[in-house]
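Chain and residue survey
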Amino acid sequence: MKPGFSTRFNRFAAWVLLMFLVLPALVAIPVSLTPRRFLSMPQGEYSLRHFETLFGSPAWMSSFAQSAVIAVSAAFLATVLGTLCAIGLWRIASRAAEAIRALLLLPLVVPPIISAMAFYRLFVPLGLMDSYAGMILAHAVLGAPLVLITVSASLAGFDPKLEQASRNLGASTFTTMRRVILPSIRPGVLAGALFAFITSWDEIVVTLFITRFSIYTLPRRMWNGIRENTDPTTAAAAVVLLAVTLVVFLIWVLLQRRARALNPQPE
Amino acid sequence: MQTLRRLNLHPGWWLVLPFLLVVMGMFLGPILNILWLSVTLPEPGLDNYAALFESEPLRRMLWTTLRICLITTVMSVILGYSIAYAMMHASGANRNWMISLLLVTFWISVLVRTFSWLMLLGRNGPVNNALMGAGLVSEPVEFMRNELGVLIGMVHYMIPYAVLPILASMQNIDNRVIAASRNLGAGGAQTFWRIYLPLTRPGIVAGAILVFILSLGFFVTPAILGGGRVLMVAEYISVQVLITLRWGTAAMLAVLLLGGVLALMFILSRLIPLSQVFGGARR
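Since we're looking at a predicted model, the values are computed, not measured.

Here we take up the interface of chain B and chain A. Tallying the contact residues gives 76 residues for chain B and 83 residues for chain A. Carbon and sulfur atoms supply 85% of the area buried between chain B and chain A, which totals about 7,400 Å² over both sides. Looking at the side of chain B facing chain A, the largest losses of area belong to Phe19(B), Phe27(B) and Trp107(B), adding up to 12% of the total buried there. Remark: the boundary between chain B and chain A carries 8 residue pairs in polar contact (both at pLDDT 80 or more).

Below, the structure written as structure tokens:
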């Protein structure tokens, strides 16, 4: 059947809409290449001076380092907590386990502003305000539910008989987990780790509440730059933030593809 | 271990315990504390809630929030439906491209996107230059520091969240139903409006609820593109906590927001499995 006019029109509209979704996000790239001293679109001339300023600035560089340390640590912690939890819930497989699972997904559902208030209330008396430990813990809580989701999805395709076989052959719980379960759910664990990393790497709302002077992550410095709305260095920083995000996205796409090749499942 | 066996507790709970304790102690505990604050600060009672009926600025802010969220939801669902429909009816390679483009948007930082809109929508920005160049407007359109800019930024962020549930409901449609409608003599338009659209209603409702939930608590885009003139509930809360230090009001608003979000989430979980909502999404 030949598609009618409205279907063809809609197909065109959908492509325009998809371009509308993706292209505006890339505007930071030309703006970062402007030769002028203020935020503007370059006209004919391009320059890398704002990237020079960015990479030469101790303040921006320390923000990079802080963001990287916090995101990697938070992702690691979230991956450990989320993976263990997913395996536990999968083995219990009861109504109570499903209720607990819903409870543990709450950090995804609660609006960030409320999470920010909660961490603020907790961290002031504990002395965790404006500290690496506080940031890593808070971001791990926000990232772990994503790990729980991706690992649970991987476990859904794992045959429980393999676990029984391993136990029957005399392997301990720990050995079974390390040698039998973990290798087969690795794609889910890695995908979860990437999600958790990006969650922390981009996070701004909670960060604004629980930091003051010493913790200045990349999104926080960008937030200030955007509010002041003058310095094109912010655009260069946005491009770097975007580049890291896209690299992580590509890793995720490759992982998905490999997982599908290894373990073909109907979606 | 002996006591555990007697309690008949599955050993799998040991693996759940670390994360459960962290969420209880670091997340749910403090949130309950906030609920408590809303009825005890500055003094015990329901004064904070009474302010909802008495305070004009508070009522105006809530109305702004609801209005912007509703418009965002309607726009996102309509545009998202168009994308989902085209995806369903695209050929293999095209479809993969469309899905990749959609998924990429989930990953791009909201801060980067808001910054981009700030550049695009300025008085001398490319959008205004293009509009003026085309002779459509005689002087620059004010896109920022008003609801128009906030809406553009929010709809742009929310469309992908509307697409996923709608796409899922389209995939569930049995093609034979459509074929039957055509065989019985209905035209393409009639089949769409009377058969296809009603069959995708669960996806539309789910997408609308999801977008509405996310919009309610949205902070970054309204704060930046609204430029302080379009005050929505999340920014209002942040001002109460960080600047005017009125925890009572902030806590009361947080309770309203949380109550609304959880109630909608409950309705959503009745419509579609929540794993489907979070399946391709990140936040």
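To continue, consider the packing of helix α8 (residues 132-156) of chain A against helix α2 (residues 13-40) of chain B. α2(B) packs onto α8(A) with a crossing angle of 125 degrees between their chain directions and a minimal axis gap of 11 Å. What the angle tells us is that α8(A) and α2(B) run oblique. Of the two elements, α8(A) crosses α2(B), and the hand of that crossing is left-handed. Counted together, Leu137(A), Ala138(A), Val141(A), Ala144(A) and Pro145(A) of α8(A) and Phe19(B), Val22(B), Met26(B) and Phe27(B) of α2(B) form the full contact between these two elements.

Turning next to the domain arrangement of chain B. Residue and element names in this part refer to chain B. Segmentation of chain B into domains returns domain 1 (1-40) and domain 2 (55-279). In this structure, domain 1 and domain 2 have C-alpha centres spaced 34 Å apart. Of the residues lining the interface, 5 residues belong to domain 1; the matching set on domain 2 comes to 7 residues. At the junction of domain 1 and domain 2, the tally comes to 0 salt bridges.

It is worth spelling out the confidence of the model for chain B at this point. All names here are of chain B. The predicted model of chain B averages 87 in pLDDT, with 94% of residues at 70 or higher. At the low end of the mean pLDDT range in chain B sits helix α1 (residues 2-7), at 57; at the high end sits helix α4 (residues 56-88), at 94. Low confidence marks residues 279-283, where pLDDT is under 50. Its contacts with residues over four positions away, or in another chain, come to 21 contacts.

The next point concerns the environment of Ala223(B). Examined against the element boundaries, Ala223(B) turns out to sit in helix α12 (residues 220-225). What makes Ala223(B) buried here is its relative accessible area of 2%. Once the C-alpha coordinates of Ala223(B) and Asn128(B) are considered, the two residues, 95 residues apart in sequence, prove to be 22 Å apart. The contacts of Ala223(B), once residues within four sequence positions are left out, are Trp223(A), Arg227(A), Gly228(B) and Glu235(B).

A ring pair, where both rings are aromatic, is described by two values, the distance of the centres and the angle of the planes. Tallied over the full model, the rule gives 22 aromatic pairs over all chains. Taken together, a centroid distance of 5.5 Å and an interplanar angle of 40 degrees make the contact between Trp252(A) and Trp107(B) tilted. Of this pair, Trp252(A) sits in helix α13 (residues 233-262) while Trp107(B) sits in helix α5 (residues 92-107), on two different chains. With a relative accessible area of 9%, Trp252(A) lands in the buried category. Residue class for Trp107(B) comes out buried when judged on its relative accessible area of 1%. Three or more aromatic residues link up through ring pairs in this structure, and these residues are Tyr81(B), Tyr85(B), Phe192(B), Trp193(B) and Tyr196(B). The ring centre of Trp247(B) lies 5.0 Å from the NZ or CZ of Arg121(A), which sits over that ring.

Conventions used here
- Residues numbered from 1 in each chain as written.
- Chains lettered and ligands numbered in written order.
- Predicted model: local features only at pLDDT ≥ 70, side-chain atom pairs only at ≥ 80, totals over all residues.
- Heavy atoms only, no water.
- Contact = heavy atoms within 4.5 Å.
- Buried area = accessible area lost by both parts, 1.4 Å probe.
- Polar contact = N/O pair within 3.5 Å; in protein donor to acceptor, adjacent residues only side chain to side chain.
- Axes fitted to C-alpha atoms, helices over the stretch in contact; angles between N-to-C directions.
- Helix = DSSP H or I, 4+ residues; strand = E, 2+ residues; numbered from the N terminus.
- Parallel < 35°, antiparallel > 145°, perpendicular 65-115°, else oblique.
- Left-handed = near helix turned anticlockwise from the far one by under 90°.
- Domains from an automatic or database assignment.
- Salt bridge = Lys/Arg side-chain N within 4 Å of Asp/Glu carboxyl O.
- pLDDT = per-residue confidence, 0-100.
- Buried < 20%, exposed > 50% of the residue type's maximum accessible area, 1.4 Å probe, protein only.
- Phe/Tyr/Trp six-rings, centres within 6.5 Å; stacked < 30°, edge-to-face > 60°.
- Lys NZ or Arg CZ within 6 Å of the ring centre and 35° of its normal.

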